[in-house]
Amino acid sequence: MAYRGHSSITIETLDTHTDNLDDVHKSSSIWHNVGQLFSVSNCTLPHRLLTSLVPPLGFTNYRNVYTDLKVPVLLVTALTATLMYGLSSSPGHHSTTLPLLLLLLTTIKYTLGYWLAFTALASVMGYLCSTRLTPIQLLSITGYSLTGHTLVLLIAELLHQEDNHTVFFILTTVFGGLATCRMMVVVLVSTPRPPHRLLLGSTLASIHLMHLVFIHFAFMRKKFVV
């Protein structure tokens with residue numbers, strides 16, 4: 001099924017009608033829905049990643065907003081690996097079992113933990129602002145928006161300019177801005193009242209971009225202690 005939050009945007013939904021089912025069939029339906037969230041063909045992954053960087057308004061081929069968790073989980077994994085590399089490359093790091101475990105837990109806190117916490121905040125604010133998006137849809141939308149984070153950190157690390165952060169901020173404006181813009185357009189067209197749109201959009205966009213700036217300087221440039 002699909003939900004039309006705007007005349008030109010289609011947001012995927014899942015069939016979750018389990019009210020009239022018994023416990024056994026309801027449990028089976030829940031697992032079926034979980035399976036649907038990860039049943040994404042690998043050949044569609046490049047298009048879905050590209051779509052996450054294109055604002056849905058004005059581009060006919062990118063108006064469909066996907067609701068799945070396979071791509072977001074892959075993005076969180078890639079972001080975690082990137083941050084682990086940045087943190088482990090610091091001088092004096094010893095690759096023993098305990099530091100590696102602490103390294104993994106630290107990075108997960110700022111990737112998976114951030115994704116879940118950010119989605120929870122978006123869900124609460126969306127509920128208060130009468131946004132017509134389910135928690136699962138928000139989880140997918142915010143997960144897809146991490147495409148910008150991952151690309152910015154990877155490209156900035158490849159270009160690696162320790163004393164000049166101009167490249168990073170240009171990449172943040174381009175890739176981080178595009179991914180955040182798409183997320184915000186989807187959220188805003190699903191929110192009926194203009195004052196609520198302003199509050200929701202400005203809050204979520206600010207937090208999302210500030211998180212990107214923080215993890216760059218904390219993990220990749222070691223300007224902050226994590």
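Treat the numbers as computed from the prediction; the structure is a model and nothing was measured.

## With respect to the UniProt feature "transmembrane region" (unreviewed entry) in the chain
Working step 1: Mapped onto this structure's residue numbering, the UniProt feature "transmembrane region" (unreviewed entry) falls at residues 71–88, 108–129, 136–156, 168–191 and 198–219.
Working step 2: The distance separating the terminal C-alpha atoms of residues 71–88 is 26 Å; by composition the span is 100% helix and 0% strand.
Working step 3: Annotation note: span residues 168–191, helix share 92%, strand share 0%, distance between end C-alpha atoms 32 Å.

## Focus on helix H7 (residues 146–159)
Working step 1: Taking 1.5 Å of rise per residue, 14 residues should cover 20 Å, and H7 covers 20 Å from first to last C-alpha, within 8% of that figure.
Working step 2: Looking only at H7, the buried set comprises Leu 146, Thr 147, Gly 148, His 149, Thr 150, Val 152, Leu 153, Ala 156 and Glu 157.
Working step 3: Check the buried side of H7 and you find it contacts helix H2 (45–51), helix H3 (70–88), helix H5 (112–128), helix H6 (135–144), helix H8 (166–189) and helix H9 (194–220).
Working step 4: Once H7 ends, the next one or two residues include His 160, with phi positive near 30°.

## Focus: the packing of H7 against H8
Working step 1: Across the interface, H7 lies against H8 with an axial gap of 8 Å and an inter-helix angle of 160°. Judged by the angle between their axes, H7 and H8 are roughly antiparallel. In this structure, the crossing between H7 and H8 has a hand that is right-handed. In contact with Gly 148, Leu 151, Val 152, Ile 155, Ala 156 and Leu 159 of H7, H8 contributes Val 167, Phe 168, Leu 171, Thr 172, Phe 175, Gly 176 and Ala 179.
Working step 2: Its residues assigned to classes, the contact of H7 with H8 comprises ten nonpolar, three polar and no charged.

## Concerning the pattern of salt bridges
Working step 1: Enumeration over the complete set of coordinates arrives at one salt bridge.
Working step 2: Here Asp 68 and Arg 48 are joined by a salt bridge, their closest N and O atoms 2.7 Å apart. One end of the pair, Asp 68, is in the loop between strand S3 (64–65) and H3; the other, Arg 48, is in helix H2, and 20 residues separate them in sequence.

Cut-offs used in this document
- Residues numbered from 1 in each chain as written.
- Predicted model: local features only at pLDDT ≥ 70, side-chain atom pairs only at ≥ 80, totals over all residues.
- Heavy atoms only, no water.
- UniProt positions renumbered as here; feature names shortened; annotations may be inferred.
- Helix = DSSP H or I, 4+ residues; strand = E, 2+ residues; numbered from the N terminus.
- Expected span 1.5 Å × (residues − 1).
- Buried < 20%, exposed > 50% of the residue type's maximum accessible area, 1.4 Å probe, protein only.
- Contact = heavy atoms within 4.5 Å.
- Axes fitted to C-alpha atoms, helices over the stretch in contact; angles between N-to-C directions.
- Parallel < 35°, antiparallel > 145°, perpendicular 65-115°, else oblique.
- Left-handed = near helix turned anticlockwise from the far one by under 90°.
- Nonpolar A, V, L, I, M, F, W, Y, C, P; charged D, E, K, R; others polar.
- Salt bridge = Lys/Arg side-chain N within 4 Å of Asp/Glu carboxyl O.

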